[in-house]
Structure formats: structure tokens, C-alpha cells
Amino acid sequence: MTTGHQDRFPPWALALLTFVGSALIALPSFPGRMNADALDLYGQALGDRFHDWHAPLVAWLWRTIGASPALVAGHTTLIVFAIVYAVVLTLRANGLSSPAALLAAFGFALFPPVLNHLVAVSKDTWVAALFVATFAMSSAAAPARLVHTRAALIALAPSIRPETVLLLPLFIWGEYVLAGRKLLPAARFAGVLLLTAAALGLFVAKVVKPEARHAEGGIFLFDLAGISIRTDQLLLTPASFPANDLAVLQRHYWSDSLSPIAWANPESEMVRFVVGDDLAELRRRWASAVVAYPLAYLDTRSVIVREYLRGHWTYHPGIDSNPRIHLFWPKANGMVNAYLDAAPRWLSSHWLPMIGAVVLLAAIVRLRLHRRRPEWMVYLVVAIAYQVMLLPLIVVPDYRFGYAGVILFFLILGLTSRDLALMERARTVGDDHGTKAEGVAGGLAAPVSTRGGLPGQKPIDRALHR
């Protein structure tokens, strides 16, 4: 890790300009793109009962402050600012001047695979803000000073996206790597991380008190439906499928989505989410079916995973019809949609950031760039793990799960590309200097030039800090 490019741009001016630019990026889609999940969260903030399906901590905060379209717009702006400012600081830490970092960060934010979820009122966007912020802190010249802040931010993720608790060991390992493979800093990070996560969990349970609806039941329902179809026997519990008829299930079943058997019509023929003892029975039935019919389970999963990787994520075009909250400027938002629709489809494919991150990680390790930039390796591993761990959990194929992994992949790809270009430039400068040296040795009158840097400074050092 290196210090950022030195310039005279005041830090307050950098933050202010980043905020203004972030607000302008978010402005056309104010108060933010909201699907049914976001609207449900907003309804909780307005007075509906809190439940654990959609980040109850955020709904509680909105209600405490005073839920309104203006508040949601402000929240959207702050999230966009957090992501864009983290990119600015990352670029500064990697040698760009403040003006160059600002322009590059705004360009990055307007890049279609980033922009299409950047202004969404979404748990995935909020988790992305946390991960990109900690990546920026890890890129700093002295990341050890921010170890407690990084730990506290990462601890917020499971309260927004519960499945991110599976990534906590990776972040602890990452801190060990960033600390030069020293155990004490990693232990401090782990202690703050786990204590903060536990405290947040306790706060949500005792203060927010959300109703437990157990969204993970969707995984059990989808997998059991698929195994039932493939083994020609109904394995769903009576409580989770009141119709209790394999023929009915076959009529509605789609191999690549839970929606047709859970949220279609007639309601009497749909599977149902269950809680309490019924959920425990459903979980036991699911575990037994996976063990008894592993090939049927793998086939069920492989179909939706193939569809997921073969497809692309669909951004939400605006706000679903509802009486409570609406787009401020529908025409301006429509212009943004037209821009997003004009982008090549492969840019929003699910396979690109997943497979691309693996290839990029291999290249970084092979070229030994991780020795200078260990945070690149650490956060690429996190990005890959985040996307891969979702494969056995997804029940719909067209949603952008793991958005944080997408941002990290494209950001580290840009940083790596720039680094390699500068290294190539440095090699070219070195070859030129070698040619001049040969000319002097041969009796040619070649003046000594310091244009490329100070005498004795390595070409790669000059290039990386130019």
C-alpha cells in the first residue's frame, strides 16, 4: 500500500464536491428506486409492524427520525455519497490526484453495471456501501489506525443482509493479511467485529422487536418442490403446501423460480411461508430430502444456478405502484432508464463479475501485485465468496444478489489495469534510459535528463506516483 498522490486540494473541498456530484447522480431517480421489498420496509417505517424480512433496523431508524419521501431521498443520497466518496479515497490512495480521482469516481458511478443499483433503496446497495467503505480504509497508508472503524462497519452488514454473517471469518482473515500476518491486530479486529455484531443483534431483538417471518423458508420451499417433482413424490409439509397435491404443484412449478408457486394465483394452490414448529418441521423435511435424494437436490440447484449465470440482473425501473410514495421526477428517471437500457446486456450479466473476479484474482497473484496491494487480493476473495455463497440460496434468477461483489470487481479491475499500464510505461522509460546509457558508453554526447524523476529513482516508482 502506498500513500496517495500529494496535491493541494483541501479535504473539505474534496468531500463537498463528491457530495454535490453524488446528489446530482441520485437526483433524477429521487427518492430512490423501490420494489415491493423496499415499499414493505417503508410501510414498516410508517407504522406497520416490524418484521425480519427487510432490515428492520433501517425501518426503525426511519420511523424514529420521521419517515417521509424526503427522508428516503436523503438516505439514498447519503448511500450514493458513501460509495462514490469511498471510490474517490481509494483512487487517491492509489496515486491519483484529487481532480483525477473525482472525475474517475463519477465516471465509475455512471458506469451502467454500477449505476443500475446505485440509486436503489435496497439492502444490497447498503451492504455495498459498507464493503466499499472498508476497502477504501484498507487502501490507506496506515490502515491499522482504522481497524476498529472497519470492524464496526462490517458488523452492520448482518443486520441488513443476514447471510453476510458467513463472510465474517473472511474479513478476519483479511485483517490478518493486511496487518502483515500479525495475530494481534487481527484479534482486535475480530473482537470489535463480533462484539459489535452481537450488540446490534441484541438491540434489534430487544428494542426493535421485529416479527420473525424467516425468509430462509423460501429456500426450503423451492428445493423441496424441485426434489418432489424429480422424485415424483410430495415432500412438502402440509402446513407449507395446504393443497397437498403433487399434480397441483406440477401445474405451477417452474424449475428456475419460486415465484410461480409462491406468489401467483390461485392463492389456495400456492406454497406458504411458515414459522415456529411448522418451520422446524419444514427444515427437517428439507435436510432429510437433501440427504436422501442428493442428485435430485443438485439437479434442482443446478438448473437455477445455470439460469442465473446465463442471465443478467434486471434493475428496478422506478417505484412500484402504491399510494404512499412516488418518483419525484418520472421523466428524468425515464432518461436514466433509457441510458441503462442502451448498455450492452453482457455488462449486466451475472457471470461477468463472478468469473471475472476469479480470473482477476489469479492475475494479481501471478503478477505478485498482492504484495504491494494486499487489499486487492483480500477484497476480491470477499467479492468471489459473497457471490458464490449465494448460489445455493437463490430462489429467483434475475435479481442482483451480491451487488457489493460487482462494485469491488469493477473497481479493482480498473485499479489493476492502471497499475499494469504504469508498470509497462516504467519499463519503457527504463529501456529508454538503458539505450541512452549505451549511447554514452559508446562515446555519444547524451545530456543527462531528470525529466522522468530524480536521479537514482526507479522508473516504476516515478510512474506509480505521477
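Residues numbered from 1 in each chain as written. Predicted model: local features only at pLDDT ≥ 70, side-chain atom pairs only at ≥ 80, totals over all residues. Heavy atoms only, no water.

Peer 1: When you look at the overall build of the protein in this model, what are you seeing that I'm missing?
Peer 2: Tallying secondary structure elements over the protein gives 20 helices and 0 strands in all. Looking at the protein as a whole, 49% of its 466 residues are labelled buried. The long-range share in the protein, meaning contacts at least 24 apart out of those at least 6 apart in sequence, stands at 76%. Accessible surface, the protein as shown: approximately 21,500 Å² in total, 65% of it carbon and sulfur. (Helix = DSSP H or I, 4+ residues; strand = E, 2+ residues; numbered from the N terminus. Buried < 20%, exposed > 50% of the residue type's maximum accessible area, 1.4 Å probe, protein only. Contact = heavy atoms within 4.5 Å. Areas by Shrake-Rupley, 256 points an atom, 1.4 Å probe, with all protein chains shown as cover.)

Peer 1: Mind showing me how you'd approach helix α1 (residues 11-26) here?
Peer 2: Given 3.6 residues to a turn, an α-helix orients residues that are three or four positions apart in the same direction. When the terminal C-alpha atoms of α1 are compared, their 23 Å separation across 16 residues agrees well with the 22 Å that a helix rising 1.5 Å per residue should span. Those residues of α1 that fall on the buried side of the exposure criterion are Ala13, Leu14, Ala15, Thr18, Gly21, Ser22, Ile25 and Ala26. If you follow the buried residues of α1, they end up packed against α4 (69-93), α5 (98-109) and α6 (112-118). (Expected span 1.5 Å × (residues − 1).)

Peer 1: What's the story with the confidence of the model for the protein in this structure? I'm lost.
Peer 2: In regions of low pLDDT, the predicted coordinates are not meant to be interpreted in detail. Per-residue confidence for the protein gives a mean pLDDT of 89; residues scoring 70 or more make up 90%. Summarising per-element confidence for the protein, the mean pLDDT is lowest in helix α20 (residues 459-464) (41) and highest in α4 (97). Note that residues 1-5 has pLDDT below 50 and, in this model, 26 contacts with residues that lie over four places away or in other chains. (pLDDT = per-residue confidence, 0-100.)

Peer 1: What is the right way to read the packing of aromatic side chains from this model?
Peer 2: Counted under the stated rule, the structure contains 18 aromatic pairs. Centroid distance Phe30 to Phe328: 6.2 Å. Interplanar angle 75 degrees. Geometry classified as edge-to-face. Of the two residues, Phe30 is situated in the loop between α1 and α2 (36-46) and Phe328 in the loop between α15 (294-310) and α16 (330-342); the sequence distance between them amounts to 298 residues. Of the residues examined, Phe328 reaches a relative accessible area of 34% and is grouped as partly exposed. Through pairs of rings, three or more aromatic residues link up here, namely Phe131, Phe135, Phe171, Tyr379 and Tyr386. (Phe/Tyr/Trp six-rings, centres within 6.5 Å; stacked < 30°, edge-to-face > 60°.)

Peer 1: Can you help me understand helix α9 (residues 168-178) in this one?
Peer 2: Those residues of α9 lying buried are Leu168, Phe171, Gly174, Glu175, Val177 and Leu178. Angular distribution of buried residues about the axis of α9 spans 170 degrees; they occupy a single face of the element. Those residues of α9 that are buried lie in contact with α7 (123-138), α8 (147-160), α10 (183-208) and α18 (374-389). Positive backbone phi, at 75 degrees, marks Gly180, one or two positions downstream of α9. (Arc of directions from axis to C-beta.)

Peer 1: Would you take a moment to explain the nonpolar core for this structure?
Peer 2: Where a protein is soluble and globular, its nonpolar side chains tend to be buried together. If you look at the biggest cluster of nonpolar residues, it comprises 130 residues, and the most contacted ones within it are Met34, Trp62, Trp126 and Phe131. With 11 residues, the single largest contributor to this core is α4. Excluding residues that lie within four positions of it along the chain, Phe131 makes contacts with Ile154, Ala157, Leu167, Phe171, Tyr379, Val382, Tyr386, Ala404 and Leu408. (Core = buried A, V, L, I, M, F, W, Y, C linked by side-chain atoms within 4.5 Å.)

Peer 1: Looking at this structure, how should I read unusual backbone geometry?
Peer 2: Of all residues except glycine, most have a negative phi; of all peptide bonds, most are trans. Omega for the peptide link from Phe30 to Pro31 comes to 0 degrees, which places this bond in the cis form. Relative to the assigned elements, Pro31 resides in the loop between α1 and α2. Look at the link from Asn265 to Pro266: it is a cis peptide, with omega at 0 degrees. With respect to the helices and strands, the residue Pro266 is situated in the loop between α13 (259-262) and α14 (276-292). A positive phi angle, near 60 degrees, is found at Arg181, a position not held by glycine. The residue His214 is not glycine, and still its phi comes out positive at about 55 degrees.

Peer 1: For this particular structure, what's the right way to read the packing of α9 against α18?
Peer 2: Between two packed helices, what matters for the description is the angle formed by their axes and the separation of those axes. One way to put it is that α9 packs onto α18 with a least axis distance of 9 Å and a crossing angle of 170 degrees. The angle between α9 and α18 falls in the class roughly antiparallel. Taking contact as the criterion, the partners of Leu170, Phe171, Trp173, Gly174, Val177 and Leu178 in α9 are, on α18, Pro374, Glu375, Met377, Val378, Tyr379, Val381, Val382 and Ala385. Here the residues of the contact of α9 with α18 are counted per class, giving 12 nonpolar, 1 polar and 1 charged. (Axes fitted to C-alpha atoms, helices over the stretch in contact; angles between N-to-C directions. Parallel < 35°, antiparallel > 145°, perpendicular 65-115°, else oblique. Nonpolar A, V, L, I, M, F, W, Y, C, P; charged D, E, K, R; others polar.)

Peer 1: Help me out: how do you make sense of the pattern of salt bridges in this one?
Peer 2: Side-chain pairing between opposite charges can occur once the charged atoms of the two side chains come close. Scanning all chains against the criterion turns up 16 salt bridges. Residues Glu211 and Arg49 are paired through a salt bridge, measuring 3.9 Å at the closest nitrogen-oxygen approach. Of the two residues, Glu211 is situated in the loop between α10 and α11 (217-231) and Arg49 in the loop between α2 and α3 (56-65); the sequence distance between them amounts to 162 residues. The shortest N-O distance in the salt bridge between Glu175 and Arg150 comes to 2.4 Å. Placement of Glu175 in helix α9 and of Arg150 in helix α8 is noted, with a sequence separation of 25 residues between them. Since its relative accessible area comes to 1%, Arg150 is described here as buried. Three or more residues joined by partner-sharing salt bridges are found here, namely Arg49, Glu211 and Arg213. (Salt bridge = Lys/Arg side-chain N within 4 Å of Asp/Glu carboxyl O.)

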